[in-house]
Each structure stands twice: as C-alpha cells, then as structure tokens.
Amino acid sequence: MCPYCPYNKVEYDKTLAKPYLKAILAEIKQYHNRLGRIEVPSIYVGGGTPTNLIDELGIIIEIIRDNFTVSGDLYIETTPSDINDESLVKLLRYGFSLISLGVQSFNEGYLKLIGRDYTAGILYPAISKVMSAGFKTVNVDLMFALPGQTIKEAISDIKRAIELGVDQITTYPLFTFPYSTVGKYLKLKSVKMPDIVTRRRMYKAIHDYCVVNGFRRVSVWGFKRGDLPRYSSVTRESYIGLGAGAASYLPGVFYFNTFSVSEYIKASLAQRLPVALKMEVSESMAMYYWLYWRFYDTYIPKRRLRELFGSRDKKIRRLLVLAKALGLCVQDEEHISLTERGAFWLHLMQNYFILNYINKVWSLAMKEPWPERVEI
Ligand SMILES: C[S@@+](CC[C@H](N)C(=O)[O-])C[C@H]1O[C@@H](n2cnc3c(N)ncnc32)[C@H](O)[C@@H]1O
C-alpha cells in the first residue's frame, strides 16, 4: 500500500472482501429506499485502487444502474500494475469513460523511494494501452517535490506524460500527513513537506511548462489539453459516498461513513446507514464550501453564483475584490478565474487549513469507528 497515502485504507483481506461487497450493495439499496430512483449524473470510483477487485466493481456498477438513473459519465482510478487487456475491456464494458492512472513518477529511483509496486519500464506500455483503449479522457497522477527531486526531474516527468499523449495531468506536491504511514515507512521517515519557496518554484515551472505545451490549468493541480471532458472527483455540488470512510455532501449536511470496514459491514447489513460523523452545513458555510470548490475548479461561473446565493453573496463579493487586488483572480463578463498566483495560494491554504482539518478528522476516524465528536 502507498505509504504516503492519507486516505482510509486497509490491507486486502479475503474474508472481509465478500461481506464488504454485500454491504456496499445494501448501502445502495438503502439510498434507493430513501431517495427513490433519482438521477445520478456522474459516478466516481476511487481514491485508491478499486481495480484490485475488478469483478466486484462490475457488480457494484450494475446494482447502481438497477437502482438509479445513471445519466452521465463514469470515472475510474487505477494503477499501472492493474492495466492489461482484460481489465481495460471490463472497465469499458461497465461503462467507465474517463480513467486516471496513478503513475506518480517515471523515474525508477523515485518510484522505489515512494514504495510503488512497479518499475518505470511498465509505464510506457500501460499508458499506451490505456490511450488506445477508447476512453474519452486519460489522466495521469504525478507527484512532485519528492525528497531530493530537482525542478528538472519534476519537469522531465511532465514531459514524458505529454510525450505519451495523455489528455490530462494531475500533479501534487508530496504532502506528509502526521498520521499517515509515511512516518513509519523507513525510506520516507524523516521527510518533511518541502518549504514554500521550493514548492512555489516547482509549481510555477510545472505550470509554465504545461502551458507552453498546449495544456491549460483545469484545477489547482490539474492541466488538460483540448476540449475533452475533464477528469474530476469531488468537485460536484452534492454527492453521495458509498463504502467505509466515504464522505457525502447533500443540501445542509456533510457526513462521513465509519472508516472501519468491519463496523461498516455490520451497520450496512443491519439496514442502518453507516454514518459515523455528521456536520450540519449552514447557508453561509455552504456558500464558502461552494466557493472553495469553484476556485479549485479554477473559475466561478457568475450566473451560478447569483442563482445559488443571490444577494447573500455580498461577503463573497468583498472577498473577491480583495482577491482581485492581490492578483489572485481576474474576471470577465461570465467568469471569475483563478490566476497562477491564486492557484498557488489556494494550494497553501489547502496545506495549512484543509490538511489540518483532514488530519484531525481522519486520524480520529481511523482510530475510532464511531467517534463521539471531533472539533475542527
Ligand atoms: C486517491 S490517489 C489515486 C491512487 C491511484 N488510483 C493508484 O492506485 O495509484 C490520488 C493521487 O493523490 C496523490 N497523492 C496521494 N497521497 C499523496 C500525498 N501524501 N502527497 C501528495 N500526493 C498524494 C497521488 O498522485 C495519487 O495518485
């Protein structure tokens, strides 16, 4: 398992896998019973490596389709070592049309350092296979600011992805979460987040390289070429998360399922929603939450801002005036768009605020299946 990965993860356990599938199917049914056959405009399967259990994945998609009206695209995350002719045929048959590969780096040394289970040699054939399989959009995830990595090396990874013809590149600086296993992983043990100046220089170099090569920024971390649909995850205005540790955001409420796989199975099979932590979202919080994700998307559609918040958006407007004065965003008739400088500062905000919050919620939820409360 990826030692740097901060998400909810457990080692594969055959005895848990079967009941876990049943529990997910039961959770889908519960939502169906509560909400009816609602329209589902997109399905995202990730993070992590859902293609580990590719046949079970097919059953989950089938049951979602049986219970809801799926009207939009299906997105899947995977890893280069899970790519072969058979898995690609299956993913396409299930209806996935946008795919993301967790490549992380093309450099053998860094792959070893971060504990990937493949060598650089498999990356070219794997990416080429995915590219010619027939997906609408192929994204690759890369990481930068790896321990000891130079700007030249980071750019060299981006260059290789571009040369291979991928449609989208998402590239994250290495975050080190105090609670994640990174601290216990010998090779990364003493690794700290790179300092702001280094991250700023690397981010700028990556941004400029992508732009010169015909890519444009489509999220804080993502660059895409052409007009193909963008590979994206929780940037939706509302969503329902299925599975242990999944988050859901519905009007007025944000909640997490229990992170414990066994507790999730117990609750779901007993026909209870496995919700462990729940937070009411006030109108003003909803407004900022929406704003954060639109900025993450790199632009705010002005019309949608007015539709959703009407005259309540005065506070936002004041904030935007300040952001414009600081060169963090610009605006035209229809959009308020994040600048390259704005994207970097949003990234910093993510570090110091969001990561802090993730750290509190995740570290508690990973220890206690049903936490009493968490203060953020
Ligand atoms: C949910 S993960 C996807 C994993 C991918 N599907 C796989 O199986 O390899 C999304 C991406 O976040 C990035 N990531 C994960 N942990 C990170 C960390 N601690 N710092 C920076 N980026 C991280 C990686 O690029 C990863 O591919």
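1. A closer look at the overall build of the protein chain
So, point 1. A count of helical and extended segments in the protein chain gives twelve helices and 15 strands.
So, point 2. By the compact-globule yardstick of 21 Å for 376 residues, the protein chain fits well, its C-alpha radius of gyration being 21 Å.
So, point 3. Over its C-alpha atoms, taken along the principal directions, the protein chain stretches across nearly 55 × 55 × 40 Å.
So, point 4. The burial tally for the protein chain puts 49% of its 376 residues in the buried class.
So, point 5. Of all intrachain contacts in the protein chain linking residues separated by at least 6 positions in sequence, the fraction that spans at least 24 positions is 69%.
So, point 6. Accessible surface computed for the protein chain: about 18,600 Å², of which carbon and sulfur atoms make up 56%.
So, point 7. Computing the positive centroid from 49 side-chain charges and the negative centroid from 37, the protein chain places the two 4 Å apart.

2. Remarks on unusual backbone geometry
So, point 1. Residue G47 is bonded to the preceding G46 through a cis peptide linkage, with omega at -10°.
So, point 2. The backbone of T298 shows a phi angle near 85°, a positive value even though the residue is not glycine.
So, point 3. Within the secondary structure, T298 sits in the loop between α9 (283-296) and β13 (299-301).
So, point 4. Here T298 falls in the buried class, since its relative accessible area comes to 9%.

3. Some details on the site of the ligand
So, point 1. Of all residues adjacent to the ligand, which total 19 residues, the nearest are G48, T49, E77, Q104 and D141.
So, point 2. A distance of 3.1 Å is found between a nitrogen atom of the ligand and a side-chain nitrogen or oxygen belonging to E77.
So, point 3. Expressed as a share of its isolated accessible area of 580 Å², the protein-covered part of the ligand is 94%.
So, point 4. Elements that contribute at least two residues to the shell around the ligand include exactly β4 (74-78), β5 (96-104), β6 (137-144) and β7 (168-173).
So, point 5. Taken together, the residues that form the shell around the ligand break down as nine nonpolar, seven polar and three charged.

4. Side note on helix α5 (residues 123-133)
So, point 1. Among the residues making up α5, those that are buried are L123, A126, I127 and V130. The arc that holds the buried residues of α5, viewed along the axis, is 90°, so those residues lie on one side.
So, point 2. Residues of α5 that are buried in the fold lie against α3 (85-94), β5, α4 (108-113) and β6.
So, point 3. The positive-phi residue at the C-terminal boundary of α5 is G134, with phi of around 115°.

5. Some words on α3
So, point 1. Those residues of α3 lying buried are S87, L88, K90, L91 and Y94. Take α3 and look down its axis: the buried residues cluster within an arc of 160°, on one side only. Those residues of α3 that are exposed and aimed more than 90 degrees away from the buried face are E86, V89 and R93.
So, point 2. Elements that come into contact with the buried residues of α3 comprise α2 (54-67), β4, β5 and α5.
So, point 3. Capping the start of α3, N84 holds a side-chain oxygen 3.1 Å from the backbone nitrogen of E86, two or three residues further along.
So, point 4. With its phi angle positive at about 105°, G95 sits one or two positions after the end of α3.

6. With respect to the packing of aromatic side chains
So, point 1. Per the counting criterion, the structure on display carries 22 aromatic pairs.
So, point 2. Plain terms: the ring middles of F254 and F256 are 5.4 Å apart, the flat faces sit at 80° to each other, and that makes the pair edge-to-face.
So, point 3. For F254, a relative accessible area of 10% translates into the label buried.
So, point 4. Accessibility expressed as a relative area gives 5% for F256, which makes it buried.
So, point 5. Through a chain of ring-to-ring contacts, three or more aromatic side chains come together here, namely Y239, Y249, F254, F256, F259, Y289, Y292, W293, Y296 and W362.

7. A short note on the domain arrangement of the protein chain
So, point 1. According to the domain assignment, the protein chain consists of domain 1 (14-224) and domain 2 (282-370).
So, point 2. Averaged C-alpha coordinates put domain 1 and domain 2 at centres separated by 23 Å.
So, point 3. Facing 17 residues of domain 1, the contacting portion of domain 2 comprises 22 residues.
So, point 4. Regarding the contact of domain 1 and domain 2, the summed buried area is about 1,700 Å², with carbon and sulfur atoms giving 64% of it.
So, point 5. Applying the counting rule to domain 1 against domain 2 returns one salt bridge.
So, point 6. With a closest N to O distance of 3.0 Å, E340 and R200 form a salt bridge.
So, point 7. For the pair domain 1 and domain 2, the number of links is four residue pairs in polar contact (both at pLDDT 80 or more).
So, point 8. The element contributing the most residues to the side of domain 1 that touches domain 2 is helix α7 (residues 196-212), with six residues.
So, point 9. Its residues assigned to classes, the side of domain 1 that touches domain 2 comprises eleven nonpolar, two polar and four charged.

8. A look at the pairing of β7
Within a regular strand, the side chains alternate between the two sheet faces.
So, point 1. Counting buried positions along β7 yields five of six residues, so the element is predominantly enclosed.
So, point 2. Note: β6 against β7, six bridges, orientation parallel. Directly across from M143, in β7, lies its bridge partner Y172.
So, point 3. Between β6 and its parallel partner β7, the chain crosses via helix α6 (residues 151-163), and the hand of that crossover is right-handed.
So, point 4. Bridging between β7 and strand β9 (residues 222-224) involves three bridges; their strand directions are antiparallel.

9. Here we look at the packing of α2 against α3
A pair of packed helices is captured by two measures, namely the crossing angle of their axes and the spacing between those axes.
So, point 1. Contact pair α2 / α3: the axes reach a minimum separation of 10 Å and the direction vectors enclose 5°. It follows that α2 is roughly parallel to α3 by the angle criterion. For the pair α2 and α3, contact is made by I54, D55, L57, G58, I61 and R65 and by S87, K90, L91 and Y94, respectively.
So, point 2. Residues of the contact of α2 with α3, tallied by class, amount to five nonpolar, two polar and three charged.

Conventions we followed
Residues numbered from 1 in each chain as written. Predicted model: local features only at pLDDT ≥ 70, side-chain atom pairs only at ≥ 80, totals over all residues. Heavy atoms only, no water. Helix = DSSP H or I, 4+ residues; strand = E, 2+ residues; numbered from the N terminus. Rg over C-alpha atoms; globule rule 2.2 N^0.38 Å. Buried < 20%, exposed > 50% of the residue type's maximum accessible area, 1.4 Å probe, protein only. Contact = heavy atoms within 4.5 Å. Areas by Shrake-Rupley, 256 points an atom, 1.4 Å probe, with all protein chains shown as cover. Lys, Arg positive; Asp, Glu negative; His and termini not counted. Charge placed at Lys NZ, Arg CZ, Asp CG, Glu CD. Near = heavy atom within 4 Å. Polar contact = N/O pair within 3.5 Å; in protein donor to acceptor, adjacent residues only side chain to side chain. Nonpolar A, V, L, I, M, F, W, Y, C, P; charged D, E, K, R; others polar. Arc of directions from axis to C-beta. Phe/Tyr/Trp six-rings, centres within 6.5 Å; stacked < 30°, edge-to-face > 60°. Domains from an automatic or database assignment. Buried area = accessible area lost by both parts, 1.4 Å probe. Salt bridge = Lys/Arg side-chain N within 4 Å of Asp/Glu carboxyl O. Pairing = 2+ DSSP bridges. Right-handed = clockwise from strand over helix to strand, strands pointing away. Axes fitted to C-alpha atoms, helices over the stretch in contact; angles between N-to-C directions. Parallel < 35°, antiparallel > 145°, perpendicular 65-115°, else oblique.

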